[in-house]
Amino acid sequence: PPRLLQFKLVLLGESAVGKSSLVLRFVKDQFDDYRESTIGAAFLTQTVSLDESTTVKFEIWDTAGQERYKSLAPMYYRNANCAVVVYDITQPSSLEKAKAWIRELQRQADPNIIIALAGNKADLASRRAVPSEEAQAYASEENLLFLETSAKDNANVSELFTMIARKLPLE
Ligand code: GTP
Ligand code: MG
């Protein structure tokens, strides 16, 4: 049987960018048009099979993006192995918020944390307000993984988590 390696993953980002929707797509392959804002945080798990000898189990903390929960975040990122910081490609302010989370992670989280930036709602192409090149350039400068995703259309969701799994220490 494949070996099972477990890692803690935290999702961060402004409220309504689609953190819970990405997790719901990844874990249950579902999407809701009317998703309730997360209270506190939610915990879910999902495995990714990398090859016949290795399965990665993600223990996922889906944090609440509303400002009133901001002080809880360190509890979830403190011992995280990886983080997905999400913004909404139709909301430039959500990329600014994502950058603030990334700075906080770079200062306060484990120095070996793997950080991925996800530009979600890529299905809303006609309302795009953040060029992918701009986010990609920022991600390259900061050494982050980067993908644009759509929880709604199931675009690049499993790819995002697999890309992270491949960067984890699988010794
Ligand atoms: P908080 O829990 O408040 O931090 O928000 P969140 O980041 O978890 O956002 P959530 O997943 O609840 O999604 C917010 C809204 O965006 C919901 O109405 C979703 O249906 C919608 N949404 C999420 N992902 C996508 C997507 O990829 N495309 C589109 N069009 N809508 C999306
Ligand atoms: Mg949520």
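Worth saying up front: this structure is predicted, and the values here are computed from it rather than measured.

**Details of the packing of aromatic side chains**
All told, the structure shown has five aromatic pairs when counted by the stated rule. Relative to Phe161, the ring of Phe26 has its centre 3.7 Å away and its plane inclined at 5 degrees; by these criteria the two rings are stacked. Remark: Phe161 occurs in helix α5 (residues 157-167) and Phe26 occurs in helix α1 (residues 19-28); sequence separation between them is 135 residues. Both rings, one in Phe43 and one in Trp61, keep their centres 4.8 Å apart while their planes meet at 45 degrees; by these two values the pair is tilted. Highlighted residues: Phe43 in strand β2 (residues 41-51) and Trp61 in strand β3 (residues 54-63), separated in sequence by 18 residues. The class of Phe43 is partly exposed, set by a relative accessible area of 44%.

**Describing the coordination of the magnesium ion (ligand 2)**
Protein coordination at the magnesium ion (ligand 2): the donors are Ser20 (OG) and Thr38 (OG1), at 2.1 Å from the metal. Separated by 18 residues along the polypeptide, Ser20 in helix α1 and Thr38 in the loop between α1 and β2 bring together distant segments of the chain. This pair shows no difference in class: Ser20 is buried, exactly as Thr38 is.

**Some words on the pattern of salt bridges**
Under the defined criterion, the tally for this structure stands at nine salt bridges. We note a salt bridge from Lys97 to Glu67, for which the minimum N-O separation is 3.3 Å. Here Glu67 lies in the loop between β3 and α2 (73-77) and Lys97 lies in helix α3 (residues 92-108), a separation of 30 residues in the sequence. For Glu67, a relative accessible area of 54% gives the class exposed. Glu96 is paired through a salt bridge with Lys99; the nearest N and O atoms lie 3.8 Å apart. Residue Glu96 and its partner Lys99 are both found in helix α3; the two are separated by three residues, about one turn of the helix. The exposure class assigned to Glu96 is partly exposed, which follows from its relative accessible area of 44%. When its relative accessible area of 16% is taken as the criterion, Lys99 is described as buried.

**Description of the packing of α1 against α5**
Running from N to C, α1 and α5 point in directions that differ by 85 degrees, and their axes come no closer than 9 Å. Judged by the inter-axis angle, α1 sits roughly perpendicular to α5. On α5, the residues that touch Leu22, Arg25 and Phe26 of α1 are Val157, Ser158 and Phe161. When grouped by side-chain class, the residues that make up the contact of α1 with α5 number four nonpolar, one polar and one charged.

**Quick word on the side chain of Ser21**
Positionally, Ser21 belongs in helix α1. When its relative accessible area of 11% is taken as the criterion, Ser21 is described as buried. Excluding its chain neighbours within four sequence positions, the residues that come into contact with Ser21 are Gln30, Phe31, Arg35 and Ala151.

**Quick look at the site of ligand 1**
Around ligand 1, the structure places 23 residues, and the nearest of them are Ser15, Lys19, Ser21, Ser37 and Gly65. Note that an oxygen atom of ligand 1 is positioned 2.7 Å from one of the backbone N or O atoms of Gly65. Asn120 has a polar side-chain atom sitting 3.1 Å from a nitrogen atom of ligand 1. Protein contact buries 91% of the 650 Å² of open area that ligand 1 shows by itself. The greatest single-element share of the shell around ligand 1, amounting to three residues, is contributed by α1.

**Regarding unusual backbone geometry**
One non-glycine residue, Asn143, lies in the positive phi region at around 65 degrees. Classification of Asn143 as exposed rests on a relative accessible area of 71%. Of note in this structure, Asn154 is not a glycine but carries a positive phi near 55 degrees. Mapped onto the secondary structure, Asn154 falls in the loop between β6 (145-148) and α5. Judged by its relative accessible area of 40%, Asn154 falls in the partly exposed class.

Reading guide: rules and limits
- All residue numbers here refer to positions counted from 1 along the written sequence of the relevant chain.
- Ligands are numbered from 1 and chains lettered from A, in the order in which they are written.
- It should be noted that, the model being predicted, local features are given only for residues of pLDDT at least 70 and side-chain atom pairs only at 80 or more, the latter also being counted only at that level, while totals for whole chains, interfaces and linings use all residues.
- Only hydrogens and water are set aside; all other atoms, that is, all heavy atoms of the structure, feed into the side-chain values.
- When the centres of two rings from Phe, Tyr and Trp lie within 6.5 Å, Trp using its six-membered ring, the rings pair. Their planes under 30 degrees apart give stacked, over 60 give edge-to-face, and anything left gives tilted.
- Strands here are runs of E lasting at least two residues and helices are runs of H or I lasting at least four, both read from the DSSP assignment and numbered beginning at the N terminus.
- Residue burial is assigned from relative accessible area. The probe radius is 1.4 Å, only protein chains are included, and a residue is buried under 20% of its type maximum, exposed over 50%, and partly exposed in between.
- The donor set covers N, O and S atoms within 2.8 Å of the metal, switching to 3.2 Å for Na, K and Ca, and it leaves out water, so a site may look short of donors.
- The term salt bridge refers to a side-chain nitrogen of Lys or Arg lying within 4 Å of a carboxyl oxygen of Asp or Glu.
- Angular values range over 0 to 180 degrees, each being the angle between N-to-C directions of two axes fitted as lines to C-alpha atoms, with helices fitted over their stretch in contact.
- Orientation categories follow fixed angle ranges, with anything under 35 degrees roughly parallel, anything over 145 roughly antiparallel, 65 to 115 roughly perpendicular, and all other angles oblique.
- Any two residues whose heavy atoms approach within 4.5 Å at even a single point are treated as in contact.
- Under the scheme applied, nonpolar residues are Ala, Val, Leu, Ile, Met, Phe, Trp, Tyr, Cys and Pro; charged residues are Asp, Glu, Lys and Arg; polar residues are all the others, including Gly.
- We call a residue near a molecule or strand as soon as one heavy atom of that residue lies within 4 Å of the molecule or strand.
- In protein, a polar contact means a hydrogen-donor-capable atom and an acceptor-capable atom, both N or O and within 3.5 Å, with residues adjacent in sequence counting only if both atoms are side-chain atoms; elsewhere, any N or O pair within 3.5 Å suffices.
- All accessible areas in this document rest on Shrake-Rupley with a 1.4 Å probe, and a residue is counted as covered only by the protein chains that are shown.

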